[in-house]
Every structure is written in C-alpha cells, then in structure tokens.
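These are the residues of each chain, in order.
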Amino acid sequence: MEREEQAKSRPVRIESEESWSRFQAQAISQASPVFVHFTASWCMPSVAMNPFVEELAAAYPDVLFLVVDVDEVKEVASKLEVKAMPTFLLMKDGAVVDKIVGANPDEIRKRLDGFVQTFRAFIA
C-alpha cells in the first residue's frame, strides 16, 4: 500500500491513449478516485496551475492525479469533450463525476475535497 501511495503522490503525465487506458484500468481495479488536469503548453492559466496540481497530489495521496496535454493526447481530450483549458475532471470507476473549467484553485480544492469525502464514505 505504501508503494501505491508514493506513486500517486505526484501527478502522472499521460503520453498516449494507451497510457490513459492503462491508468484508468489501474484506478478502477484499485478503486482509486482520479483527478485529471487537461492542459496545453500554450495556455498560461493552465501552465500556472501545475504547481497547484502538484500541491494537491501531495495533499491527497489516495487520489490518482493525471495530467493530459490536449495537443499530445488529442483522442482523450476529444473523447471526454474537453474544449477549454484548463479543465479538471474528477472520475470514479472510469466515469466523470465532476468537471471544472478554468483556473480557480479555491473551487477546485473545494470540489476535490467533497469528492474525496464522498468517496471515503462510499468505500467505508
């Protein structure tokens, strides 16, 4: 368990549709909640959120944090209908349960906290 938490303490950069599928399958099999940051290197608000996402990953070790560059992994962004950056998704069992569009750290933290609380209540 410690090894899994250590691996989840930093955001994982998704480099392909295959790696997306692999991490989603892993999260489902381990019953892990997933936080996804859709970003683009040309979008300054998105880039500015990177340290915040890293801070969240350290604060929520039970959550799998994924980072998807929409220009590098267009298929995933398209499939999940991501049209603006930054976009943040909260996922459970492979399904999107919440979507936050825009760089709003307070709102993101509030929604992530609520999501984690309901997830903990569900597995308890």
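Residues numbered from 1 in each chain as written. Predicted model: local features only at pLDDT ≥ 70, side-chain atom pairs only at ≥ 80, totals over all residues. Heavy atoms only, no water.

Per an unreviewed UniProt entry, the protein chain goes by the name Thioredoxin domain-containing protein and belongs to Kalanchoe fedtschenkoi.

Draft legend 1. Up close: the environment of Lys 92. Turning to its location among the elements, Lys 92 is positioned in strand 4 (residues 87-92). Lys 92 sits in the partly exposed class, given a relative accessible area of 22%. Sequence-wise, Lys 92 and Glu 15 are 77 residues apart; in three dimensions their C-alpha atoms are separated by 21 Å. (Helix = DSSP H or I, 4+ residues; strand = E, 2+ residues; numbered from the N terminus. Buried < 20%, exposed > 50% of the residue type's maximum accessible area, 1.4 Å probe, protein only.)

Draft legend 2. Structural context of unusual backbone geometry. Backbone torsion omega between Met 85 and Pro 86 reads -10°, so that peptide bond is classified as cis. Tracing the backbone through its elements, the reader meets Pro 86 in the loop between helix 5 (74-79) and strand 4. A positive phi angle, close to 55°, is found at Ala 31, a residue other than glycine. Counting through the fold element by element, Ala 31 comes out in the loop between helix 2 (17-29) and strand 2 (34-39).

Draft legend 3. Here's a closer look at the packing of aromatic side chains. Throughout the structure, instances matching the rule amount to three aromatic pairs. For the ring pair Phe 35 and Phe 65, a centre distance of 4.9 Å and an interplane angle of 40° mean the geometry is tilted. One end of the pair, Phe 35, is in strand 2; the other, Phe 65, is in strand 3 (residues 64-69), with 30 residues separating them in the sequence. Here Phe 35 matches Phe 65 in class, with each residue buried. Here the aromatic rings of Phe 35 and Phe 88 are separated by 5.7 Å at their centres, their planes lie at 40°, and the arrangement is tilted. Residue Phe 35 is located in strand 2, and its partner Phe 88 is located in strand 4; the two are separated by 53 residues in the primary sequence. For Phe 35, a relative accessible area of 0% corresponds to the buried category. According to the relative accessible area criterion, Phe 88 is buried, its value standing at 0%. Ring pairs connect the aromatic residues Phe 35, Phe 65 and Phe 88, which therefore count as one cluster. (Phe/Tyr/Trp six-rings, centres within 6.5 Å; stacked < 30°, edge-to-face > 60°.)

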